Amino acid sequence: MSDQESKLYPPPAQIVAGAHVSGMAAYDKLCAEAEADYEGFWARLARELVTWKQPFTKVLNASNAPFYKWFEDGTLNVSYNCLDRNVERGLGDKVAIIFEADNGQVTRVTYRELLERTCRLANALKAQGVKKGDRVVIYMPMSVEGVVAMQACARIGATHSVVFGGFSAQSLRDRIQDAGAVMVLTADEQVRGGKQLPLKAIVDEALGLGGCETIRKVIVYRRTGGNVAFDPARDAWLHEVTQNQPATCEPEWVEAEHPLFLLYTSGSTGKPKGVQHSTGGYLLHAALTTKWTFDLKDNDIFWCTADIGWVTGHTYITYGPLALGGTEIVFEGVPTFPDAGRFWRMIQDHKVTIFYTAPTAIRSLIKAAESNEAVHPKRYDLSSLRILGSVGEPINPAAWEWYHANVGGGRCPIVDTFWQTETGGHMITPLPGATPLVPGSCTLPFPGIQAAIVDETGNDVPNGQGGILVVKKPWPSMIRTIWGDPERFKKSYYPPELKGYYLAGDGAIRDARTGYFTITGRIDDVLNVSGHRMGTMEIESALVSCTELVAEAAVVGRPDDTTGEAICAFVVLKRPRPTGEEAKKIAAELRNWVGKEIGPIAKPKDIRFGDNLPKTRSGKIMRRLLRSIAKGEAITQDTSTLENPAILEQLSQAN
Ligand code: 6R9
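Residues numbered from 1 in each chain as written. Predicted model: local features only at pLDDT ≥ 70, side-chain atom pairs only at ≥ 80, totals over all residues. Heavy atoms only, no water.

Quick notes on the pattern of salt bridges
Argument step 1. For the structure on display, the rule yields 32 salt bridges.
Argument step 2. Taking the shortest distance from any N to any O, the salt bridge between Arg480 and Glu257 comes out at 2.8 Å. Placement of Arg480 in the loop between strand S22 (467-471) and strand S23 (481-482) and of Glu257 in the loop between strand S13 (254-255) and strand S14 (261-265) is noted, with a sequence separation of 223 residues between them.
Argument step 3. On the basis of relative accessibility, which here comes to 6%, the residue Arg480 falls in the buried class.
Argument step 4. Look at the salt bridges and you will find they share partners, linking Lys200, Asp204, Arg234 and Asp235 into a network. (Salt bridge = Lys/Arg side-chain N within 4 Å of Asp/Glu carboxyl O. Helix = DSSP H or I, 4+ residues; strand = E, 2+ residues; numbered from the N terminus. Buried < 20%, exposed > 50% of the residue type's maximum accessible area, 1.4 Å probe, protein only.)

What to know about the pairing of strand S5 (residues 106-110)
Argument step 1. Relative to S5, strand S4 (residues 95-100) runs antiparallel, the two sharing five bridges. Counted as the bridge partner of Ile98 is Arg108 from S5.
Argument step 2. Adjacent in sequence and paired antiparallel, S4 and S5 are bridged by five residues, among which Gly104 carries a positive phi angle near 95 degrees. (Pairing = 2+ DSSP bridges.)

What about the UniProt feature "binding site: ATP" (unreviewed entry) in the protein?
Argument step 1. According to UniProt, the positions carrying the feature "binding site: ATP" (unreviewed entry) are Gly392, Glu393, Pro394, Asp416, Thr417, Phe418, Trp419, Gln420, Thr421, Asp506, Arg522 and Arg533.
Argument step 2. Discounting chain neighbours no more than four positions away, the residues touching Gln420 are Val311, Tyr502, Ala504, Asp506 and Arg522.
Argument step 3. Structurally, Thr421 can be placed in the loop between strand S20 (414-417) and strand S21 (451-454).
Argument step 4. Since its relative accessible area comes to 14%, Thr421 is described here as buried.
Argument step 5. What Thr421 contacts, discounting residues up to four positions off in sequence, is Leu263, Thr265, Val275, His277 and Val311. (UniProt positions renumbered as here; feature names shortened; annotations may be inferred. Contact = heavy atoms within 4.5 Å.)

Observations regarding helix H16 (residues 536-544)
In an α-helix, one turn spans 3.6 residues; hence positions three or four apart end up facing the same way.
Argument step 1. With respect to burial, H16 is a largely interior element, eight of its nine residues being buried.
Argument step 2. All of the buried residues in H16 are Thr536, Met537, Ile539, Glu540, Ser541, Ala542, Leu543 and Val544.

Some points on the site of the ligand
Argument step 1. Within the structure, the ligand sits among 16 residues, and Asp416, Thr417, Thr421, Asp506 and Arg522 are positioned closest to it.
Argument step 2. The backbone of Thr417 places a nitrogen or oxygen atom 2.8 Å from a nitrogen atom of the ligand.
Argument step 3. Between the ligand and the protein, one listed contact pairs an oxygen atom with a side-chain N or O atom of Lys620 at 3.1 Å.
Argument step 4. Taking 530 Å² as the accessible area of the ligand by itself, protein coverage stands at 89%.
Argument step 5. Elements that contribute at least two residues to the shell around the ligand include exactly helix H11 (311-323), S20 and strand S25 (517-522).
Argument step 6. Tallied by class, the residues present in the shell around the ligand amount to six nonpolar, five polar and five charged. (Near = heavy atom within 4 Å. Polar contact = N/O pair within 3.5 Å; in protein donor to acceptor, adjacent residues only side chain to side chain. Areas by Shrake-Rupley, 256 points an atom, 1.4 Å probe, with all protein chains shown as cover. Nonpolar A, V, L, I, M, F, W, Y, C, P; charged D, E, K, R; others polar.)

Some words on unusual backbone geometry
Argument step 1. Residue Pro66 is reached from Ala65 by a cis peptide bond, and omega for that bond is 5 degrees.
Argument step 2. Take Pro66: it is sitting in the loop between strand S1 (60-61) and strand S2 (69-70).
Argument step 3. The linkage connecting Phe337 with the following residue, Pro338, adopts the cis geometry, with an omega of 0 degrees.
Argument step 4. By the secondary structure assignment, Pro338 is in the loop between strand S17 (327-331) and helix H12 (342-350).
Argument step 5. Even without being a glycine, Lys351 presents a positive backbone phi close to 50 degrees.
Argument step 6. Exposure remark for Lys351: the relative accessible area of 56% places this residue in the exposed category.
Argument step 7. Of note, the phi angle at Lys499 is positive, near 60 degrees, even though the residue is not glycine.

Some words on the packing of helix H3 (residues 38-49) against helix H10 (residues 280-293)
Argument step 1. Relative to each other, H3 and H10 sit at 85 degrees, their axes nearing to 10 Å. As judged from the angle between their axes, H3 and H10 are roughly perpendicular. Of H10, the residues touching H3 (which contributes Phe41, Trp42, Leu45, Ala46 and Leu49) are Leu284, His285, Ala287, Leu288, Lys291 and Trp292.
Argument step 2. Considered class by class, the residues forming the contact of H3 with H10 number nine nonpolar, one polar and one charged. (Axes fitted to C-alpha atoms, helices over the stretch in contact; angles between N-to-C directions. Parallel < 35°, antiparallel > 145°, perpendicular 65-115°, else oblique.)

Structure representation (structure tokens):
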């Protein structure tokens, strides 16, 4: 029996019964359908899930690869698909969004209301001169208005570019400038963890930096009523520009390839890239993955905790669940306010049935629950839950097990969804009513997705041997280009040596027996120590499995004269940060632990302790900064996306 088989969690019978994809035979059948007639498979689903104004007759156009086109002669409108269509189906009075504010206040918005608000704003945008194809930057808090802003852009064919509300003025300026945006939609302030944080002031600062001359108007949602500077020639209040607008607005029917949005994301080098997504193919995959991966049904209460500033918030808040007529939570606040039981209390109060969050959140809540009984999930009634999800980084088996046992009560499948900003939606993921689970593995490709593991020349590697994760065939929701830089698009994602496969940038391995995928981390995070290939994730997972001591760990490589690379671990303990002799003692203990878990070769050479790790505002550990610290270099890289800059100093000085 392979190691993976010994830990299989079969899908619970009550989930299998009635699941959209019920049982492995159903999964296999879908894969076989895609295998036999790839274009026919996607065309069938595009007809079933998307309502087209002008039906498409062409499916895939690969004549200018890798600039693929899907459904190119079809026309549609995303906001029509998410809103009008549901009202027409009789769901007008159904709650679309349950909004919970930072202070706990709850507001419910029906599909009819959401449609009316979207139309009013769409009309207001048009009245301000925004046209099809114009770029609109959205710099807003988690709010119904944020979702409405995105939907309103989609309605009039404007391409939105949401910038996460935690980005600095400089980052906002760069994104406005790169996109050549004509308008910014923002709020006076945002509220997170009981604090009011500026948004409008940062927009003012960004525009003041210069280079944003394309911006004609700034529209401001009044969230807090806080004092903000107002330039009457440029600024307008959202409630004022929308109040006299009609509650109906004919959708702009756009071609399937029309850019629905840009979303800036960091590459391994250089400035952030504006990932450009399409309308038709993107909507199809958003709807399809929401349906199959989360098994979303009419009476579900779906909660994705991501921010709309990240791709997860785009696909699994603004578009996927609404395209299916679902009911979802939009949460303004943070998981630790007023205390670290917030998520569990909200699941209990709103009877959430599907919960989708990130491993970093889970790990920090484990830490909180272990030091304070009152915020432990077992203190809450979480019996409404039926499916759990994870996204953003590999989930280590120890966190997976805790999530499964303590949040899911042992009855809820965990869908560990691997995907990227560039992929638009899930790529490798379990389907909850079909796939037997293995903690720490994202299991198998979504039906139709031709994920594979190859070597540097694009040749398949056998199962059990790690390699480069690629996608062999184009898929409908794939990135179309990098805004304004098609050459960089080709270079980053379609390097010539990979035979025309999409390069994800991650390493992966398939289990020799099950064929399940495990992501081993970004390719540049794979270490080679004395000729042994090891994923930093593997070592991190070993460290974190020392559940008595370790809350979180990040591992990077640094050059070493004898071994090629040496392993350097940054560790956050569940007790106060140790120093001096105590630090040495715990480091030795952890080294032995890793030695026992993986083998002596995986023992970190350096172990440094911190109160936290450097993270982006979406919770990703910034390993490139840790690599510099490990090498003892000064930090010269861009730290604009870092949430907690002070931690760099601490880790540089540690031990
Ligand atoms: C959706 C999102 C993409 C990168 C990706 C990979 C990592 C995301 C993962 C995962 C292992 C998972 N990643 N999900 N790694 N297991 N389930 O996060 O998009 O912000 O673009 O990040 O995140 O390294 O390449 P994005």
